[in-house]
Amino acid sequence: MALAAAAALGALALTAMPASAAEGTSCATDSGTAKVSPGLTGVAKVQKITIKGALGECTGSTGSTAKYVVHLTTSAPVTCLSLETAGGAAEGTAVIKWGKGHGNSLGTLSISGSPTSGLALAASLTAGPFAGLGVSTTITGEPVFTGTGFPCTMQNPLKQLKLTGTSPFVIS
């Protein structure tokens, strides 16, 4: 699926940061929503994906929660069949917004895999807390159809997925 194209967070360039930030962090919970545009049907098209999510039960110096926004573009045209197969990859940028006073981590990421069986995310953080470190996690996506008619048609394209982390969100 087009989300399968969203799986690799990159390494961040080192900037001035507290020594504890260099140690990384781990968050036990990860959930969010992916918006897909123009939407998945039976016709292959390049998709733009925006993921908004929340991290919880985090350890480390930046607090116990964070929010994030990811912007991705699939590397090739994809269809609804990508939901069941590892049909594509996506690359883009990410912003992780840590709690008050802790700043934002910025980076590049990529995704690969299938939303139904698991998307692998990998990233490199380039600025902010944890700059110079990498991110890894696995998420699954549940399709949300809001149109009328059969799913994955022009009348009812897949434009949204409910995301759930299936492994810890780790920055190291």
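Residues numbered from 1 in each chain as written. Predicted model: local features only at pLDDT ≥ 70, side-chain atom pairs only at ≥ 80, totals over all residues. Heavy atoms only, no water.

Engineer: For the overall build of the chain, give the residues involved together with the corresponding values.
Structural biologist: A count of helical and extended segments in the chain gives 0 helices and 9 strands. Within the chain, counting contacts between residues at least 6 apart in sequence, those at least 24 apart form 65% of the total. Accessible surface, the chain as shown: approximately 7700 Å² in total, 60% of it carbon and sulfur. (Helix = DSSP H or I, 4+ residues; strand = E, 2+ residues; numbered from the N terminus. Contact = heavy atoms within 4.5 Å. Areas by Shrake-Rupley, 256 points an atom, 1.4 Å probe, with all protein chains shown as cover.)

Engineer: For the environment of K45, give the residues involved together with the corresponding values.
Structural biologist: Inspection of the secondary structure puts K45 in the loop between strand 1 (25-40) and strand 2 (48-58). Judged by relative accessible area, K45 falls into the partly exposed class, the value being 34%. It is 7.5 Å that separates the C-alpha atoms of K45 and A76, two residues lying 31 residues apart in sequence. For K45, the contacting residues outside a window of four places in its chain are P38, T74, A76, P77 and V78. (Buried < 20%, exposed > 50% of the residue type's maximum accessible area, 1.4 Å probe, protein only.)

Engineer: Before we move on, can you summarise the side chain of T41 with the specific residues and values?
Structural biologist: Structurally, the position occupied by T41 is in the loop between strand 1 and strand 2. Apart from the residues lying within four places of it in its own chain, the contact partners of T41 are T79, C80, C152, T153, M154 and P157.

Engineer: Report on a positive patch on the surface, specifying residues and quantitative values.
Structural biologist: Judged by side-chain charge, K35, K52, K67 and K97 come together as a positively charged surface patch. Looking at the element boundaries, K67 is found in strand 3 (residues 66-74). Note on K67: relative accessible area 58%, which makes it exposed. (Patch = residues over 30% accessible without salt bridge, like charges linked within 9 Å, V, L, I, M, F, W, Y side chains within 5 Å. Salt bridge = Lys/Arg side-chain N within 4 Å of Asp/Glu carboxyl O. Lys, Arg positive; Asp, Glu negative; His and termini not counted. Charge placed at Lys NZ, Arg CZ, Asp CG, Glu CD.)

Engineer: Could you give an account of the packing of aromatic side chains, naming the residues involved and the relevant values?
Structural biologist: Scanning the entire structure with this criterion turns up 2 aromatic pairs. For the pair Y68 and F169, a centre-to-centre distance of 6.3 Å together with 20° between the ring planes defines the contact as stacked. Here the residue Y68 occupies a position in strand 3, and F169 occupies one in strand 9 (residues 169-171), the gap between them amounting to 101 residues. An identical accessibility class is assigned to Y68 and F169; each is buried. When the centroid spacing of 5.4 Å and the interplanar angle of 70° are considered together, the rings of W98 and F130 count as edge-to-face. With W98 in strand 4 (residues 89-98) and F130 in the loop between strand 6 (118-127) and strand 7 (134-144), this pair connects stretches of sequence that are 32 residues apart. For W98, a relative accessible area of 6% translates into the label buried. (Phe/Tyr/Trp six-rings, centres within 6.5 Å; stacked < 30°, edge-to-face > 60°.)

Engineer: Got a sec to walk through the state of the cysteines? Specific residues and values, please.
Structural biologist: Taken as a whole and assessed by the stated rule, the structure comprises 2 disulfides. A disulfide bridge connects C27 with C58, and the sulfur atoms are separated by 2.1 Å. Here the disulfide of C27 and C58 is right-handed, its torsion about the S-S bond being about 105°. One end of the pair, C27, is in strand 1; the other, C58, is in strand 2, with 31 residues separating them in the sequence. (Disulfide = S-S within 2.5 Å.)

Engineer: So what about the pairing of strand 2? Which residues, and what values?
Structural biologist: As defined by bridge partners, strand 1 adjoins strand 2 across 10 bridges and the pair is classed as antiparallel. Each bridged residue has a counterpart across the sheet, and for A34 the counterpart in strand 2 is I51. Sheet topology note: the strand 2/strand 3 ladder contains 8 bridges and is antiparallel. Of the residues in strand 3, the one forming a bridge with I51 is V70. (Pairing = 2+ DSSP bridges.)

Engineer: Pulling in residues and values, what's your account of the environment of A131?
Structural biologist: Among the secondary structure elements, A131 is positioned in the loop between strand 6 and strand 7. Judged by its relative accessible area of 0%, A131 falls in the buried class. For the pair A131 and L106, spaced 25 residues apart in sequence, the C-alpha to C-alpha distance is 7.8 Å.

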